[in-house]
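# Tertiary structure, described
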Amino acid sequence: MRILVTGGTGYIGSTAVEILRNKGYEISILDDCSTGHADCVPTGVRFIQGSLLNRSDIAAALQDTDAVMHFAGKSLVGESVEKPDLYHSVNVNGTRNLLDEMKIASVTKIVFSSSAATYGEPDVIPIPESASTNPTNPYGATKLGIDSMISRESKEQGISAVSLRYFNVAGALKSDRGWLAERHNPETHLIPNVLRSTQANPVKIFGNDWPTADGTCIRDYVHVIDLIDAHIKALESLAEGIHEIYNLGSGDGYSVRQVVAAASLAIGHEVPTIDSPRRAGDPAILIADINKAKVQLGWVPTRRINEMVADTLASFA
Ligand code: UDP
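Each value, and the rule that gives it
Residues numbered from 1 in each chain as written. Predicted model: local features only at pLDDT ≥ 70, side-chain atom pairs only at ≥ 80, totals over all residues. Heavy atoms only, no water. Helix = DSSP H or I, 4+ residues; strand = E, 2+ residues; numbered from the N terminus. Rg over C-alpha atoms; globule rule 2.2 N^0.38 Å. Buried < 20%, exposed > 50% of the residue type's maximum accessible area, 1.4 Å probe, protein only. Phe/Tyr/Trp six-rings, centres within 6.5 Å; stacked < 30°, edge-to-face > 60°. Lys NZ or Arg CZ within 6 Å of the ring centre and 35° of its normal. Core = buried A, V, L, I, M, F, W, Y, C linked by side-chain atoms within 4.5 Å. Contact = heavy atoms within 4.5 Å. Salt bridge = Lys/Arg side-chain N within 4 Å of Asp/Glu carboxyl O. Near = heavy atom within 4 Å. Polar contact = N/O pair within 3.5 Å; in protein donor to acceptor, adjacent residues only side chain to side chain. Areas by Shrake-Rupley, 256 points an atom, 1.4 Å probe, with all protein chains shown as cover. Nonpolar A, V, L, I, M, F, W, Y, C, P; charged D, E, K, R; others polar.

On a plain count of helices and strands, the protein chain comes out with ten helices and 15 strands. Here the protein chain has a C-alpha radius of gyration of 19 Å; the compact-globule value for 317 residues is 20 Å, and the two agree. If one aligns the C-alpha atoms of the protein chain with their principal axes, the spans along those axes are about 55 × 45 × 40 Å. Here the protein chain holds 317 residues, and 54% of them are scored as buried.

Below, the structure written as structure tokens:
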């Protein structure tokens with residue numbers, strides 16, 4: 001099967017490219033490299049350096065494509081609070097362009113990277129896909145808007161679609177070209193920041209007065225390799241005119257302080273931290289109910305937080 005991977009030079013997209021290729025899928029990549037890295041593109045893979053805001057770039061990328069894995073987009077909660085228009089433009093308008101070009105190219109299959117941020121402050125934990133959706137930040141609102149757009153497209157145009165609502169993706173994959181890992185600049189994600197913490201520059205803990213046992217936010221971390229395994233299962237499950245939504249997490253929650261403890265264990269000394277104000281847009285607790293993906297996709301995540309921390313640490317070497 002020939003897959004167009006949008007965002008294929010980013011952290012999650014490049015990991016998908018690697019795993020898909022190893023499984024025998026034929027890959028093209030569309031990426032503007034605004035946050036990704038062109039050096040992730042494996043030799044022999046068709047790479048269109050272009051934007052979702054440029055329809056002719058999308059049309060070129062969609063040539064000889066059977067299905068799209070759509071990772072491209074802006075993905076930082078904090079940045080989205082500061083730049084909501086940018087998030088709407090790239091994520092919502094970019095995906096609208098992609099769907100329109102898919103229609104022209106008669107490509108009818110899509111697996112989309114949605115987010116747990118669509119739920120906002122959940123009224124039930126763990127969060128099932130049927131939970132109410134009230135995003136607390138513009139990033140989550142764009143992902144929710146795209147999920148609705150894809151649902152409509154599926155009903156009206158008959159496309160086959162899956163939205164995968166990621167909780168917190170972590171870990172790294174070792175390829176024959178070295179580690180594929182988070183390389184954001186600036187890095188905002190907890191695990192890499194904790195692992196890089198020094199006495200001179202301690203990792204900030206965003207809020208110590210959340211309504212949780214230790215006062216820090218709780219998140220559900222899923223290893224990027226398990227996450228991509230779910231994408232492949234989703235791709236193979238696509239059914240005409242149906243849009244399914246699945247949560248992808250581990251089903252377990254870890255507080256910020258528990259992640260710091262796991263990192264301290266991996267490094268062999270206490271990670272320095274500094275208590276800091278809450279970050280705008282953060283909900284207190286996000287834990288996935290992953291039963292639907294388990295039952296319908298036969299997906300079971302197997303890698304735990306210690307492995308996510310260890311792989312991220314190994315990727316720094
Ligand atoms: N966090 C933190 N310090 C950091 C980065 C993140 O305390 O340097 C917290 C953040 O407030 C959230 C959790 O760690 O509660 C996970 O944040 P991250 O940015 O990794 O992912 P997000 O939940 O925003 O997708």
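It is worth spelling out the packing of aromatic side chains at this point. Scanning the entire structure with this criterion turns up one aromatic pair. Ring centres 6.4 Å apart and planes at 90 degrees place the aromatic pair Tyr87 and Tyr139 in the edge-to-face group. Linking Tyr87 in helix 4 (residues 84-104) with Tyr139 in helix 5 (residues 138-157), this pair joins segments that are 52 residues apart in sequence. A residue is classified by how much of its surface remains accessible, and Tyr139, at 10% relative accessible area, is buried. Just above the ring of Tyr246 sits the side chain of Lys292; from NZ or CZ to the centre is 4.9 Å.

Let us look at the nonpolar core. Most often, soluble globular proteins have nonpolar side chains that are buried together. Within the largest apolar cluster, 47 residues are counted, with the highest numbers of intra-cluster contacts made by Ile12 and Ile27. Mapped by element, the contributors of at least two residues to this core are strand 1 (2-6), helix 1 (11-22), strand 2 (26-31), strand 4 (67-70), strand 6 (160-166), helix 7 (224-237), strand 13 (243-248) and helix 9 (291-297). At eight residues, the largest contribution of residues to this core is made by helix 7. Not counting residues up to four positions away in its chain, the partners in contact with Ile27 are Ile3, Val5, Val17, Leu20, Arg21, Val45 and Arg46.

Okay, unusual backbone geometry next. For the bond from Ile125 to Pro126, the omega torsion is -5 degrees, close enough to zero to count as cis. Structurally, Pro126 can be placed in the loop between strand 5 (109-115) and helix 5. In this structure, the amide linkage connecting Asn185 to the following residue, Pro186, adopts the cis form with an omega of 5 degrees. Here Pro186 is to be found in the loop between strand 9 (178-180) and helix 6 (190-195). Phi at Cys33 is positive, roughly 60 degrees, even though this residue is not glycine. On the secondary structure map, Cys33 appears in the loop between strand 2 and strand 3 (46-49). Residue Cys33 is classed as buried on the basis of its relative accessible area, which comes to 17%.

Within this structure, the stated rule accounts for 20 salt bridges. Taken together, the salt bridges that share partners define one network made up of Arg55, Arg96, Asp100, Glu101 and Glu153.

Bringing the site of the ligand into the picture now. Around the ligand sit 15 residues, and of these Asn168, Leu190, Lys204, Arg279 and Asp282 come closest. Between an oxygen atom of the ligand and a side-chain N or O atom of Asn193, the distance comes to 3.3 Å. Within the complex, 89% of the 510 Å² of free accessible area of the ligand lies under protein. Those elements that provide at least two residues to the shell around the ligand are helix 6 and strand 10 (203-206). For the shell around the ligand, the element with the highest residue contribution is strand 10, accounting for four residues. The residue inventory of the shell around the ligand, partitioned by class, reads seven nonpolar, four polar and four charged.

Let us now look at the environment of Val309. Summarising the element assignment, Val309 is placed in helix 10 (residues 305-316). Through-space distance from the C-alpha of Val309 to that of Val194 is 9.5 Å; in sequence the pair is 115 residues apart. Among all residues touching Val309, those that are not within four sequence positions of it are Ile191, Leu195, Ala262, Ala263 and Ala266.

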